[in-house]
Every structure is written in structure tokens, then in C-alpha cells.
Amino acid sequence: MGETENKAAQKESFFSGLSAEFKKIIWPDNKSLARQTAAVVAVSVVMGLVIALLDFAIQYGVDFLVGLSF
């Protein structure tokens, strides 16, 4: 019986600790959140373009090498 009481106390302690940690969070304001979101989107688009260009270049190189006849 002591084991179930201990688990209940652990669960309550976990949730009270979780609640205390959530109170420590400093959420960003709307302006900061918008700037960070724009930065993430911009970097994602740029990285997508870089990866696409590398993919095309590598594919062109492979096609060129495969097309060579000896």
C-alpha cells in the first residue's frame, strides 16, 4: 500500500514542479516573435535554394559522366 501512496506523491510533486517551471518561462513579445519567425522562414528558403542548386549541379555532373562513351 505504501507504494501506491508514494507514486501518487511523486505524480503530484512532478506536476507541481512542472507548474513552477512553466511560471519561469519568459515568452517573447509579438514583435520579437515576428522577427524570429521571418528569420527562420528566410533561412529555410535560402537553404532550400542552395540544396536545389547543388542537386541540379550534381545531377548534371552525373548525367555528363554517364553520357561519356569510351
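The following refers to the structure shown. Remember, predicted model here, so these are calculated numbers, not experimental data.

Comments concerning the overall build of the protein
Summing up its helical and strand segments, the protein has two helices and zero strands in all. A buried classification covers 1% of the 70 residues belonging to the protein. Roughly 6700 Å² of accessible area belongs to the protein as shown, and the carbon and sulfur atoms make up 70% of that amount.

Some thoughts on the pattern of salt bridges
Applying the stated criterion to the full structure yields one salt bridge. In this structure, the salt-bridge partner of E21 is K24, at a minimum N-O distance of 3.2 Å. With E21 and K24 both in helix 1 (residues 2-24) and three residues apart, this pair spans about one turn of that helix. With a relative accessible area of 58%, K24 lands in the exposed category.

Brief notes about the packing of aromatic side chains
A ring pair, where both rings are aromatic, is described by two values, the distance of the centres and the angle of the planes. By the definition in use, this model includes one aromatic pair. Between F14 and F15, the aromatic rings sit 5.3 Å apart at their centres with planes inclined by 70 degrees, giving edge-to-face as the arrangement.

Considering a nonpolar patch on the surface
On the surface, F14, F15, L18, F22, I25 and W27 cluster together to form a nonpolar patch covering roughly 670 Å² of accessible area. With respect to the helices, strands and loops of the structure, W27 is situated in the loop between helix 1 and helix 2 (30-67).

The rules behind each value
Residues numbered from 1 in each chain as written. Predicted model: local features only at pLDDT ≥ 70, side-chain atom pairs only at ≥ 80, totals over all residues. Heavy atoms only, no water. Helix = DSSP H or I, 4+ residues; strand = E, 2+ residues; numbered from the N terminus. Buried < 20%, exposed > 50% of the residue type's maximum accessible area, 1.4 Å probe, protein only. Areas by Shrake-Rupley, 256 points an atom, 1.4 Å probe, with all protein chains shown as cover. Salt bridge = Lys/Arg side-chain N within 4 Å of Asp/Glu carboxyl O. Phe/Tyr/Trp six-rings, centres within 6.5 Å; stacked < 30°, edge-to-face > 60°. Patch = residues over 30% accessible without salt bridge, like charges linked within 9 Å, V, L, I, M, F, W, Y side chains within 5 Å.

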